[in-house]
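Each chain, letter by letter, is given below.
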Amino acid sequence: MTLPTEQYSCIHRVCVCVQSCHATKPGMLNVHLVPHTHDDVGWLKTVDQYYYGDRNDIQHAGVQYILDSVVDQLLKNQDRRFIYVEMAFFYRWWKSQSSSVQQTVKQLVNEGRLEFVNGGWCMSDEAATHYSAVIDQMTIGLRFLNETFGAFGRPRVTWHIDPFGHAREHASMFAQMGFDGFFFGRLDYQDRARRMRNKEQELLWRASDSLTPPMADLFTGILPNGYNPPEGFCWDQLCSDPPIRDDPDLEDYNVDDVVGCFLSTVYKTNHIIMTMGSDFQYENANLWYKNLDKLIHYVNARQANGNKVNVLYSTPSCYLQELHRANLTWPLKTDDFFPYADDAHDFWTGYFTSRPALKRYERISNSNLQTCNQLEVFGGPKAMAVAQHHDAVSGTEKQHVANDYARKLANGWQHCRVLVSNSLAALSGLSAERIYCENLNVSVCPLTESSKKFSVNVYNPLARPVTWPVRLPVNGTAYSVSDASGKAVDCQVVHVSQATHEVRRQRGFAVNELVFQVQAPPLGYTTYTVALIQDGPPPAPAQQRAPPVIQNKFLQVTFDPETGLISSLNNQETKQIIKLTQNFYWYNASAGNNVESRQPSGAYIFRPNSSTPFIISRTTSVVQEVRQWFAPWVSQVVRLYADSRALELEWTVGPVPIDDSLGKEVITRLDTSIKTSEYFYTDSNGREVLQRKKDFWPTWNLKQSEPIAGNYYPINSRAYIKDDVDQLTVVTDRSQGGGSIQNGSLEIMLHHRLLHYDFRGVGEPLNEISGIFPDGLVVRGRLLLTLDPLPTAADMHRPLAEGMVLQPLLTFTAGDLKPNTQLEFSGLLAALPPAVHLLTLSQWDEDSVLLRLEHQYQSSESKVSSQAVTVNLQKLFSTLEVLGVAELNLSANQWKDEMKRFDWTPEKGEKPLLKTFQDPSTWEVTLRPMEIRTFLLKVNLR
């Protein structure tokens, strides 16, 4: 089985790059000038406004004009170079060009004069993104480049110049996508100073503890000026630096001054890279190129007088090639680059939580997209790809831009719903209208609130069976529920919480919730039928104190009878018990001017004005289902479902009161008897877990200036604390920020509402209000808690986090089901082994599908699951016959056996040699811990 030749013909892309690079000069300092533009896929303006150049009263920027101008200027001088990153913009521009312009651009790409770097739909954020969504958005962009430009358009370098800190998992993914190098602009100011002193701004990043080196090794370069040009050398129409005035007859001749102050080097080789461009620059590319041509000419002219500096147009790939040729050893890094601070009191840890509702919506949208892709196999909108941008899911955009991201996600889901409905109708034989209730989190669903009989279709996107609690808004007081076989299912009617009444306002009228557990087959659906038994007004809920204990056969939770707060957690299987207190607090946000002692909190920066948080309430009143009311704007429901090994905390926060001029940063804190010794653990983009320690960096001696914000890290899907006996894990339903400020504690920021902005460009405070929430945003979310012995803790939190990311999709039909409806379906012949996660299943073309399987455990974290697992691809699907298989790299833009990467040698230790493992057969593939394998399958429907 082969892919089209024009897409995958060139194995020797490295050689092509070398031939297009300008010659360097040994014995000289070679300065690689890299003309570029950084085009945010939304920030101060929406994606559409940036592309068209609309709303220039907010920011002057028009991407279509940048690309027009650059192409024109590249054609005027074959020495000139340019790089481009964001395919969300380039794709739109490309589709609007004539065939002659497209042919011209293809020639520029083939000659290496226009080079694509990164190649994803956007430059993704690295703290708030989930690895599955990052892989998808990279695949979309790189596939477009492959299909349009072939091997000449395939990026060799990833370029993350603007994200606010850098995740180890991103580096691991980029290595597995075949990139040779990774360049970025932002890192902690203390780390940068140290690296400049030691000439360690280029390094080898070993980005996995589980994958055998060099599988996840990636050469990493830190750019010398962030992503801006050196001071005094910005020649864009947006800049004010003087041009090079090279007429000696004029009074303001300045060539000698410009050349004389050009640079000093803090790098290890005789090569240095200089970014010549910045945000939305090159709209009038002639200004840049005319001055760069002069700079190159006049600096190099001094070589005749013994000057040892050689300046040239270059690209990141050409620069990286020269470093590889140097055959040096490089310092090795194994941790990550979080948190990021650009000054002593300026930690960019607020955005880990900023815009929590958008962060949750992005996560739900990703789950829905995977369901959509799977059901297309038995389409996929690009709105999800845009949402991974480092000013989208990060929450660091203007409010109207955040609204636009949400609108794009909603529009994408509308298209997806049609495909889901059609697919489910084909599989089930039921053509009745399917209803989607997207406000179940606030107990709103008109169909279930008003119908006497309805059915619930539960689609499970995971490759293992799941048990899932369903809560439906209803107005009756008794219902019957039956499963696909007609068997009665236990159910319960409970009152809608007071917090829900406050949140939903007039959007729903249900007074009760119908609660029951569903069991869905792997990669398939099942159907439940619900019928009203008793209608009428419900009895008034009785006010009561919290029960002293709630329990099932696995867990026991004890509450303090005086305060109503949780006081202990007991694992009844393993006989573990810990003291546990959970409460809500807020930090007062700093406010003031942009000076060292007055840096305010904002969308980016977290800076409390005190290290001691304010407790919201020391007691709570509880009604029914252990419902806790801490304040008019903070409440929680503590739930323990039958047969669940996890305790659920459903929190509701908002509107956060603004009764002062500071703003509030709201946290929940878990205080335990676990002896943590200042260590705690957070995940990296939802995959591997990294050890953290308070006031400590593994790679340098940290001088801590912010004891709270400086100890916050991104939590994408889980965090935990442990000692020699107990591990308490918290699984989150969205990306958040958190830390362990005190021994035995874990705190997570849930929401913040701020009245000042932090002088990082967005220009408005993070104060989310809307027509729905005119008094301020109300957010609801879930935390899942588990208490386990260390050897089995991962066996609990891995599938729990997986299930939180990919949740069952519920659809509803009114009335009776017609006879012969297929009430249950599974796309798999059997569930996959517990260690294996089906990451991707999507239609690639008419007769082939893209499949990604991953081993979701790290090495040594589970005695049972951290073992190699073999899967037979021909025995995988119930409705698909697999006729052919070929393996691709992670981003699906190269054949795996043709992927060639530069090899690098660490300063300590030998150069690692890539090990190859033989699969048992063509159809049987073996997955090792943390390995993701990508396949193109040729299939027929059975």
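What you are looking at is a predicted structure, and each value in this text was computed from that prediction instead of being measured.

What counts as what
Residues numbered from 1 in each chain as written. Predicted model: local features only at pLDDT ≥ 70, side-chain atom pairs only at ≥ 80, totals over all residues. Heavy atoms only, no water. Buried < 20%, exposed > 50% of the residue type's maximum accessible area, 1.4 Å probe, protein only. Helix = DSSP H or I, 4+ residues; strand = E, 2+ residues; numbered from the N terminus. Pairing = 2+ DSSP bridges. Contact = heavy atoms within 4.5 Å. Disulfide = S-S within 2.5 Å. Axes fitted to C-alpha atoms, helices over the stretch in contact; angles between N-to-C directions. Phe/Tyr/Trp six-rings, centres within 6.5 Å; stacked < 30°, edge-to-face > 60°. Lys NZ or Arg CZ within 6 Å of the ring centre and 35° of its normal. 1 Å grid on protein atoms, 1.4 Å probe; cavity = no way out; pocket = protein on both sides within 12 Å on 5 of 7 lines; lining within 4 Å. Points joined across faces, edges and corners; volume = space filled by probe spheres on them. Nonpolar A, V, L, I, M, F, W, Y, C, P; charged D, E, K, R; others polar.

Student: Can you help me understand the pairing of strand β29 (residues 679–683) in this one?
Tutor: Two faces, one strand: in a regular strand the side chains alternate between the faces of the sheet. The buried fraction of β29 amounts to four of the five residues, a majority that puts the element mostly inside the structure. Relative to strand β30 (residues 689–693), β29 runs antiparallel, the two sharing five bridges. By the bridge assignment for β30, T682 is matched with L690. Between the end of β29 and the start of β30, which pair antiparallel, lie five residues, with N685 showing a positive phi angle near 55°. Examined bridge by bridge, β29 and strand β32 (residues 718–722) share two bridges and lie antiparallel to one another. Following the sheet pairing, T682 is matched in β32 by A719.

Student: How should the side chain of Q370 be read in this particular structure?
Tutor: Structurally, Q370 is set in helix α13 (residues 356–377). By relative accessible area, which is 4% here, Q370 ends up buried. For Q370, the contacting residues outside a window of four places in its chain are D136, L806 and L839.

Student: Hey, could you run me through the state of the cysteines in this one?
Tutor: Disulfide: a covalent bond formed between the sulfur atoms of two cysteine residues. Counted under the stated rule, the structure contains four disulfides. The disulfide partner of C234 is C239, and the gap between their sulfur atoms is 1.8 Å. Residue class for C234 comes out buried when judged on its relative accessible area of 10%. The class of C239 is partly exposed, set by a relative accessible area of 23%. Here C437 connects covalently by a disulfide to C445, the sulfurs 1.9 Å from one another. Each member of the pair, C437 as well as C445, is classed as buried. Here the cysteine-cysteine linkages of the protein are recorded as 1-4, 2-3, 5-6, 7-8, numbering only bonded cysteines and doing so in sequence order. Free cysteine C122: the closest other cysteine sulfur is in C416, separated by 19 Å. C491 forms no disulfide, and the closest cysteine sulfur to it belongs to C445, at a distance of 16 Å. Owing to a relative accessible area of 30%, C491 belongs among the partly exposed residues under this scheme.

Student: Sorry, what's going on with the sheet that holds strand β8 (residues 271–276) here?
Tutor: Strand pairs in the sheet, formed through backbone hydrogen bonds, run parallel or antiparallel to each other. Read across the sheet, three strands follow the order β8-β1-β9 without closing on themselves; strand pairing throughout is parallel. Bordering the open sheet on either side are β8 and β9 (309–313), each of which pairs with just one other strand. Strand-to-strand twist in this sheet, taken as the mean axis angle between neighbours without regard to direction, amounts to 25°. Judged from the five bridges that link them, strand β1 (residues 29–35) and β9 form a sheet pairing that is parallel. If you follow H32 over to β9, its bridge partner there is L312. Along the sheet, helix α12 (residues 316–325) contacts β1 and β8; its crossing angle with β8, the most-contacted strand, is approximately 170°.

Student: Which parts of the structure should I look at to understand α12?
Tutor: Residues separated by three or four positions in an α-helix point in the same direction, a consequence of the helix having 3.6 residues per turn. Within α12, eight of the 10 residues are buried, which leaves it mostly tucked inside the rest of the structure. Among the residues of α12, those classed as buried are P316, S317, C318, Y319, L320, Q321, E322 and L323.

Student: I would appreciate a short explanation of the packing of aromatic side chains in the present structure.
Tutor: Aromatic ring pairs are described here by two measures, namely the spacing of the ring centres and the angle between the planes. Applying the stated criterion across every chain yields a total of 52 aromatic pairs. Their ring planes at 50° and their centres at 6.1 Å tell us that Y289 and Y313 sit as a pair that is tilted. One end of the pair, Y289, is in helix α11 (residues 285–301); the other, Y313, is in strand β9, with 24 residues separating them in the sequence. Exposure remark for Y289: the relative accessible area of 0% places this residue in the buried category. Cation over ring: R645 sits above F554, and NZ or CZ is 3.9 Å from the ring centre.

Student: Even after reading the chapter, I still don't get the side chain of S745, so can you show me in this structure?
Tutor: The topology assignment puts S745 in strand β35 (residues 745–754). For S745, a relative accessible area of 1% puts it in the buried group. Residue contacts for S745: discarding those within four places in its chain leaves R669, L670, D671, I721 and S740.

Student: Sorry, what's going on with empty space enclosed by the protein here?
Tutor: Rolled over the atoms, a probe as big as a water molecule pinpoints where empty space is left. The calculated volume of the largest cavity comes to roughly 170 Å³. Around the largest cavity, the lining comprises 18 residues; the ones closest to its centre are H130, Y131, E802, H837 and E854. Only α7 (131–149), α18 (790–805) and β39 (836–845) provide two or more residues apiece to the lining of the largest cavity. Broken down by class, the residue content of the lining of the largest cavity amounts to six nonpolar, seven polar and five charged.

Student: How do you make sense of the environment of G178 when you look at a structure like this?
Tutor: Structurally, the position occupied by G178 is in the loop between α8 (168–176) and β5 (181–184). Residues G178 and V311 lie 133 residues apart in sequence; the distance between their C-alpha atoms is 29 Å. The contacts of G178, once residues within four sequence positions are left out, are R156, N889, Q894, M899 and R901.

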